[in-house]
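# What the coordinates show
For reference, the chains in residue letters:
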Amino acid sequence: MKTLTITGTDSTPEIICDPEQGSVTMKGDSYPENSFEFFYDVITWVEQYLESNKALQVQLHLVYMNTSSVKAMMDIFDMLEAAFEKQQAVAVQWFFDPENERVEELAEEFREDCSFPFEVLARG
């Protein structure tokens, strides 16, 4: 598999999907005009990577997400949940600014729906 790199903009996060590290990292705001189109390659990459049965670590440094970005993230978390149910090592670390309660609440809501390791961490 190849590394997938998406350069961030004012309305889209920087995303790096690295098969060597077994990681997906997202940083920034996420309110693209078409979230389905924007996240398509990421969702496809995660789906293909999980087929390898290797461990996957997702690190999120998201500041703001619109509703359709939340839906795309739910799709990714659903894939992680399915992999975890098959004993695959998957985990999420969601870093948030302690002054941004909305992001912390969103991350906590996601965590409640997931049985795989999911940390919500204030970054200092």
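Look up: the structure comes first, before these words.
Residues numbered from 1 in each chain as written. Predicted model: local features only at pLDDT ≥ 70, side-chain atom pairs only at ≥ 80, totals over all residues. Heavy atoms only, no water.

Of the strand pairs in this sheet, strand β3 (residues 23-30) and strand β4 (residues 56-65) are connected by seven bridges, and their pairing is parallel. Looking at the pairing, Ser30 lines up with Met65 of β4. Crossover connection from β3 via helix α1 (residues 35-50) to parallel β4: handedness right-handed. Note that β4 and strand β5 (residues 90-96) share five bridges and pair parallel. Across the sheet, Leu60 pairs through a bridge with Trp94, a residue of β5. For the crossover from β4 across helix α2 (residues 67-85) to β5, the handedness is right-handed. (Pairing = 2+ DSSP bridges. Helix = DSSP H or I, 4+ residues; strand = E, 2+ residues; numbered from the N terminus. Right-handed = clockwise from strand over helix to strand, strands pointing away.)

Scanning all chains against the criterion turns up two salt bridges. The closest approach of N and O atoms between Asp75 and Lys71, which form a salt bridge, is 2.7 Å. One end of the pair is Asp75 and the other is Lys71, both in helix α2 and four residues apart, which spans about a single turn. (Salt bridge = Lys/Arg side-chain N within 4 Å of Asp/Glu carboxyl O.)

In this section: α2. Within an α-helix, residues lying three or four positions from one another point in the same direction, as the helix has 3.6 residues per turn. With 19 residues, α2 extends 27 Å between its outermost C-alpha atoms, agreeing within 8% with the 27 Å of an ideal straight helix rising 1.5 Å per residue. Of all the positions in α2, only Ser69, Val70, Ala72, Met73, Ile76, Phe77, Met79, Leu80, Glu81 and Ala83 are classed as buried. Summarising the contacts, the buried residues of α2 are in contact with β3, α1, β4, β5, α3 (101-112) and β6 (118-122). Downstream of α2 by one or two residues, Gln87 has phi in the positive range, about 75°. (Expected span 1.5 Å × (residues − 1). Buried < 20%, exposed > 50% of the residue type's maximum accessible area, 1.4 Å probe, protein only. Contact = heavy atoms within 4.5 Å.)

Let us now look at unusual backbone geometry. The phi angle at Asn53 is positive, at roughly 65°, despite the residue not being glycine. On the secondary structure map, Asn53 appears in the loop between α1 and β4. Of note, Gln87 is a non-glycine position whose phi angle comes to about 75°, a positive value. Note on placement: Gln87 falls in the loop between α2 and β5.

Read from one edge to the other, the open sheet built from six strands follows the order β1-β2-β3-β4-β5-β6, with strand pairing classed as mixed. Every interior strand has two partners, whereas the edge strands, β1 (4-6) and β6, have only one. On average, each strand axis in the sheet is tilted by 10° relative to the strand beside it, whichever way the strands run. With five bridges connecting them, β5 and β6 associate as parallel partners. Its bridge partner lying in β6, Gln93 is registered against Glu119. Sitting on the sheet, α3 is in contact with β4, β5 and β6, with an inclination near 165° to β6. (Axes fitted to C-alpha atoms, helices over the stretch in contact; angles between N-to-C directions.)

Any link to function would need more than the numbers given here.
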